[in-house]
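Fold and contact review
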Amino acid sequence: MTVVDTPFVPRTPARRTQPLSLLPFLWISWRDPIRMWSERHFNEPQLHGHSVLGEILVVSHPEGVRHVLTENAANYVKGDLQRRVLGPMLAEGLLLTEGDTWRRARRILAPLFTPAKMATLNARMAEVCHARVASWSLSAHGRVLDIDSEMSGLTFDILSATMFSDELGGEARGFERALNQFLANGARIDPLDVLGAPDWAPRLGRLASFRSARFFERRVTRLVEARRAHIEAGGEAHDDLLSALLLARDENGGPGLSDEEVAANILTFILAGHETTARALGWTLHLLSRQPEYLARLQAEADAFDVSQPRWADNLPWTRAVLEETMRLFPPAPTMARTALADDEVGGQKIKAGATVIISPWILQRHKLLWDQPDAFKPERFLPENRKSVDRYAYIPFSAGPRVCIGAAFAIQEAMIALAAILRVAEVEAVTAVEPRPVHQITLRSSQPMRLRLRARRKPA
């Protein structure tokens, strides 16, 4: 069922028609990697070639994605480039580890993210969301909010409540500032990393973000150490994810996670969980401000929302569809890179060991061979009656295969509850006709703060 005759098409970067030479490639890789893709990438199933990175294969068809991420996943590892960019903060976390180290950590962490465990967090998530929305003090005249900042604060509040039992107190702004500084500087692809320069060569972005990275590391390390001491002294364990991480054990009989591994995984959850969900919520509210028909659908669902119901999510089909369509158009993690350990063949193309294989949700989820009106906002694609027609490997906002995001269920649940809490009380209106420009800074962000007017709803008596 379509609710609009002319779907909204959000702004996207212009697509190149000519290959990039070395200097423009290095500049765009550093400033905004999604601008490097050409029109061919969105029209052809895969593209093979050589660049300063060596042999590269960009795979944009479901069979190839399935092969790399699932069927032959053991042959593909996170490349040196990603470890160089994120390694200073996340080296011991689930996002970057490989082999037996990764398998052990995944085995220990998986029981903490089961559907049953996630269901125990519903009420706390809803409580936090209602408190944040109430703090806006919306009136009939409305307030113009920096949606990026507010969604960061909201998802950080949820993370603090569910992971740390609110022990972070009022530090949301400090964490947000440090995260923004890290993403704007330290998390960029430095040209020296692309060129394979030695680690001792100074990276300007890393130097500029040193203080923010240290802020994260020190604050999280203190939390872990304090909680460990509390547990070992016989104190009552908090019912949150931090205690669960510290108490988790390997079902194969090995030791649990070290304090360093716990801290690295908390930092991973902040970057890969809190940050990505905040961006998904921001883009969702922006798109709803442009499409009042869909906004009305979600408001009707929000009015009947009751998180205490055992199958509450079944009553929010449009909310989930809008969220999934947003993540199709604006995937929180726009690109994944893998390095082949051995020779292989993908989609009929033979590649050598050491080749870089790129799977980009930004391309895949807007590909002209896979989607009708690929750049248009059409949430009905993801309604229950249509969802089965979406190929599992054509839509991968949380990746796929063995390394699918362990927190995917947490993120979807959090975002749906947050949207329902906001839209139950608020109208969402654009304040400018100028469209925000997406930029790739690890996550997919707006180049300028997204500002929207939120007005108190007038509900019929």
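Whatever comes next refers back to the structure up there.
Just so it is clear, the model here is predicted, and its values are computed rather than measured. (Residues numbered from 1 in each chain as written. Predicted model: local features only at pLDDT ≥ 70, side-chain atom pairs only at ≥ 80, totals over all residues. Heavy atoms only, no water.)

Another point: the layout of surface pockets. The rolling of a water-molecule-sized probe over the atoms marks out the regions of remaining empty space. In this model, the second largest pocket occupies a volume close to 480 Å³. Around the second largest pocket, the lining is made up of 20 residues, and of these Trp312, Ala313, Asp314, Arg320 and Met416 lie nearest the centre. The set of elements that each furnish at least two residues to the lining of the second largest pocket consists of helix H5 (115-119), helix H15 (317-329), helix H17 (384-387) and helix H18 (408-425). Broken down by element, the lining of the second largest pocket gets its largest block of residues, 4 residues, from H18. Broken down by class, the residue content of the lining of the second largest pocket amounts to 13 nonpolar, 2 polar and 5 charged. (1 Å grid on protein atoms, 1.4 Å probe; cavity = no way out; pocket = protein on both sides within 12 Å on 5 of 7 lines; lining within 4 Å. Points joined across faces, edges and corners; volume = space filled by probe spheres on them. Helix = DSSP H or I, 4+ residues; strand = E, 2+ residues; numbered from the N terminus. Nonpolar A, V, L, I, M, F, W, Y, C, P; charged D, E, K, R; others polar.)

Both strand S1 (residues 46-51) and strand S2 (residues 54-59) contribute to a ladder of 6 bridges, which runs antiparallel. Bridging across to S2, Ser51 finds its partner in Gly54. (Pairing = 2+ DSSP bridges.)

Turning next to the nonpolar core. Residues Trp37, Met151, Ile266, Leu285, Ile422, Leu423 and Leu454 are the most contacted members of the largest nonpolar core, which totals 109 residues. Broken down by element, the residue count for this core peaks at 14 residues, all from helix H13 (residues 259-290). Beyond its immediate sequence surroundings of up to four residues, Ile266 is in contact with Met163, Phe164, Val220, Val224, Leu242 and Leu245. Counting residues in each nonpolar core, the second largest holds 17 residues, with Val65, Met336, Val346 and Ala355 among its members. (Core = buried A, V, L, I, M, F, W, Y, C linked by side-chain atoms within 4.5 Å. Buried < 20%, exposed > 50% of the residue type's maximum accessible area, 1.4 Å probe, protein only. Contact = heavy atoms within 4.5 Å.)

Here Leu454 is to be found in strand S12 (residues 451-456). Spatially, the C-alpha atoms of Leu454 and Leu145 are 7.2 Å apart, while their sequence positions differ by 309 residues.

Mapping Asp32 onto the fold places it in the loop between helix H1 (22-31) and S1. Along the primary structure Asp32 and Val439 are separated by 407 residues, whereas in three dimensions their C-alpha atoms are 5.6 Å apart. Within the structure, the side chain of Asp32 is placed 2.8 Å from the backbone nitrogen of His440, a separation counted as a polar contact. (Polar contact = N/O pair within 3.5 Å; in protein donor to acceptor, adjacent residues only side chain to side chain.)

Moving on, we get to the pattern of salt bridges. Close approach of charged atoms allows side chains of opposite charge to pair. Under the defined criterion, the tally for this structure stands at 28 salt bridges. Between Glu325 and Arg328 there is a salt bridge whose closest N-O contact spans 2.8 Å. Of this pair, Glu325 and Arg328 are both found in helix H15, 3 residues apart, which corresponds to roughly one turn of the helix. Taken together, the shared-partner salt bridges connect Arg15, Glu39, Arg366, Lys368 and Asp375 into one network. (Salt bridge = Lys/Arg side-chain N within 4 Å of Asp/Glu carboxyl O.)

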